[in-house]
Amino acid sequence: MKQKEGNKKGWSNSVKKIAIGAAVVLISLGGVAAVEKAQSSTDKSSTEKSVDSQEEKMKTEAIQQEEEKDQASIHKNEEEEPNQSLQEKENQAENSVEPNQSIEEAAKQQNKSIPDMKAEEEKVKEIEIEEEKAQETEEKKETKPKVDEEEKADKKNKEEKKQENVSSSSENKQEQASAQQSGNQTTPSTPELPTAPSNEENQEEKVVYLTFDDGPSTHTQEILQILDAHNAKGTFFMLGPNMKRFPEATKAIVEGGHEPALHGVSHDAHQIYQSKDTVVGEMKEAQNDLYHLTGVRTNLIRTPYGSVPYMKPEYLEAVHQNGFELWDWNIDSLDWKYKDARYVNGVIHDIETKSFKEPVILLHDKQTTAQHLNDLLDYLSAHGYKMKPLDDTLPVVHF
């Protein structure tokens, strides 16, 4: 039994050794296969890499050959046209590519790669930018000397003016000092040179003539006071009976430097305009009344209601033959119509809208006229009018 068990154990041990040896062989065979497989994959990748490297090398050599061709063509163009400007080269580069042509098409047409075309475009743009900068610097260089010269000229003018002011001030001080030193010494007087007329004197004088009919009255003194307050003079066409009724007012007109004038006697159209004799007769009667009260004679007359339509041609000839000068007016204040201040606005409107060189204004010696006369004179004074009386040297105003 023991011998059988020992034989079994020996058999089992031998089987184990055979199995282990077989396993070792199998493992070694598998490792060799794996190594061969890895070696084959390595060889395959190395061959692929070598192929890729050869292709890249060929591409690189092709690009280099194209660049060398481009450089050779550029050198050739430079040798053929040495005087060609950079701007012309740029124009050629721009003209080589059509406006609607893409970069890929231009590259194919010129046998160039796309990167090369883009690089050339970028170079052209850089050249353009550099030329613009150079042009700007040249313009600045050209303008800067001009600015410097103008600044120098301004500075020089300021210095000259400063010197002139200093010299003038010193001269004034010397004159003052010499005047103080002379003191009580008498020096021969030097003739004064005529001064040039001022601008105000050269301007044409604006004159207006204020005429008052139908007086004198109880309001004459008030009117005279308003005229005096504005340094104004008027002309009073007076009726004979009123002069007799208000002798003090009649004298005040003459004494105040105003012009006395004649307006007849009746102020009735049916009486005065009966004939040429009645017209001349009333004027002579009023003339005598003025002379007896003031010692003054006048030949200025105004017929009632004006010369139209009552003064016929023979009437006009008759008054002229007797030495009278007949006056009408060119602005009617309508103070005989309006019983308030509206007549003032009417006169101002006519002065501003009508082209009268010297307005002759019809007014009346009455209460409403006196009440608002100051407003009219304020306007005339503010607008530079001189208010003067009529006289026999002026051209008469007729309708």
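Residues numbered from 1 in each chain as written. Predicted model: local features only at pLDDT ≥ 70, side-chain atom pairs only at ≥ 80, totals over all residues. Heavy atoms only, no water.

Scanning the protein from N- to C-terminus turns up 13 helices and eight strands. Taken across its 399 residues, the protein has 27% of its residues classed as buried. A separation threshold of at least 6 residues defines the contact pool for the protein, and within that pool the share at least 24 residues apart is 76%. As displayed, the protein offers around 28000 Å² of accessible surface, 51% of which is attributable to carbon and sulfur atoms. (Helix = DSSP H or I, 4+ residues; strand = E, 2+ residues; numbered from the N terminus. Buried < 20%, exposed > 50% of the residue type's maximum accessible area, 1.4 Å probe, protein only. Contact = heavy atoms within 4.5 Å. Areas by Shrake-Rupley, 256 points an atom, 1.4 Å probe, with all protein chains shown as cover.)

So, on to the pattern of salt bridges. Under the criterion given, the structure shown has five salt bridges. Notably, a salt bridge pairs Asp213 with Arg302, separated by 2.9 Å at the nearest N-O pair. Taken together, the residues span a long stretch of sequence, with Asp213 in strand β1 (residues 206-215) and Arg302 in the loop between β4 (300-301) and α11 (313-321) at a distance of 89 residues. On the accessibility criterion, Arg302 (0% relative accessible area) is buried. A salt bridge links Asp289 to Lys244, with the nearest nitrogen and oxygen atoms 3.7 Å apart. Here Asp289 is found in helix α10 (residues 276-294), whereas its partner Lys244 is found in helix α7 (residues 240-245), with 45 residues between them in sequence. Judged by relative accessible area, which is 52%, Lys244 ranks as exposed. (Salt bridge = Lys/Arg side-chain N within 4 Å of Asp/Glu carboxyl O.)

Summarising burial for β1: eight of the ten residues are buried, a large majority. In the sheet, β1 pairs with strand β8 (residues 385-387) via three bridges, with the strands oriented parallel. What sits directly across from Lys206, in β8, is Tyr385. In this structure, β1 lies alongside strand β7 (residues 360-364), joined through five bridges in parallel fashion. Each bridged residue has a counterpart across the sheet, and for Asp213 the counterpart in β7 is His364. One ladder, built from five bridges, connects β1 with strand β2 (residues 234-238); its direction is parallel. Counted as the bridge partner of Phe212 is Phe236 from β2. Considered for its hand, the β-α-β crossover made up of β1, helix α6 (residues 220-229) and β2 is right-handed. (Pairing = 2+ DSSP bridges. Right-handed = clockwise from strand over helix to strand, strands pointing away.)

We now examine the nonpolar core. Grouped together as the largest cluster of nonpolar side chains are 45 residues, with contacts concentrated most on Leu210, Leu227, Leu373 and Leu380. The element best represented in this core is helix α13 (residues 367-382), accounting for six residues. Those residues in contact with Leu210 that sit more than four places away from it in its chain are Leu227, Gly234, Thr235, Ile361, Leu363, Leu377, Leu380, Met387 and Lys388. By size, the runner-up hydrophobic cluster in this structure holds eleven residues, among which are Ala261, Trp327, Trp329 and Val360. (Core = buried A, V, L, I, M, F, W, Y, C linked by side-chain atoms within 4.5 Å.)

For Thr369, the position within the fold is in helix α13. Judged by relative accessible area, Thr369 falls into the buried class, the value being 0%. In this structure the side chain of Thr369 is engaged in a polar contact, spanning 2.7 Å, whose partner is the side chain of Asp335. Not counting chain neighbours up to four residues away, the residues in contact with Thr369 comprise Phe212, Asp335, Tyr343, Leu363 and His364. (Polar contact = N/O pair within 3.5 Å; in protein donor to acceptor, adjacent residues only side chain to side chain.)

Let us now look at a negative patch on the surface. On the surface, Glu121, Glu122, Glu126 and Glu130 cluster together into a patch of negative charge. The topology assignment puts Glu121 in helix α4 (residues 114-182). You can call Glu121 partly exposed: its relative accessible area is 34%. (Patch = residues over 30% accessible without salt bridge, like charges linked within 9 Å, V, L, I, M, F, W, Y side chains within 5 Å. Lys, Arg positive; Asp, Glu negative; His and termini not counted. Charge placed at Lys NZ, Arg CZ, Asp CG, Glu CD.)

A separate point is the packing of α6 against helix α8 (residues 247-255). How two helices pack is summed up by the angle between their axes together with the distance between the axes. For the pair α6 and α8, interaxial distance at closest approach is 10 Å and the crossing angle is 20 degrees. When the axes of α6 and α8 are compared, the pair comes out roughly parallel. The handedness of the crossing between α6 and α8 is left-handed. Touching Thr220, Gln221 and Leu224 of α6 are Glu248, Ala249, Ala252 and Ile253, all from α8. Tallied by class, the residues present in the contact of α6 with α8 amount to four nonpolar, two polar and one charged. (Axes fitted to C-alpha atoms, helices over the stretch in contact; angles between N-to-C directions. Parallel < 35°, antiparallel > 145°, perpendicular 65-115°, else oblique. Left-handed = near helix turned anticlockwise from the far one by under 90°. Nonpolar A, V, L, I, M, F, W, Y, C, P; charged D, E, K, R; others polar.)

Turning our attention to the side chain of Asp335. Tracing the sequence through the fold places Asp335 in the loop between β6 (331-332) and α12 (342-353). Buried and unpaired, Asp335 has no salt bridge, with Lys366 as the nearest side chain of opposite charge at 6.0 Å. A polar contact of 3.1 Å, which involves the side chain of Asp335, links it to the side chain of Ser333. Filtering out sequence-adjacent residues up to four positions away, Asp335 remains in contact with Tyr343, Leu362, Leu363, His364, Lys366, Thr368 and Thr369.

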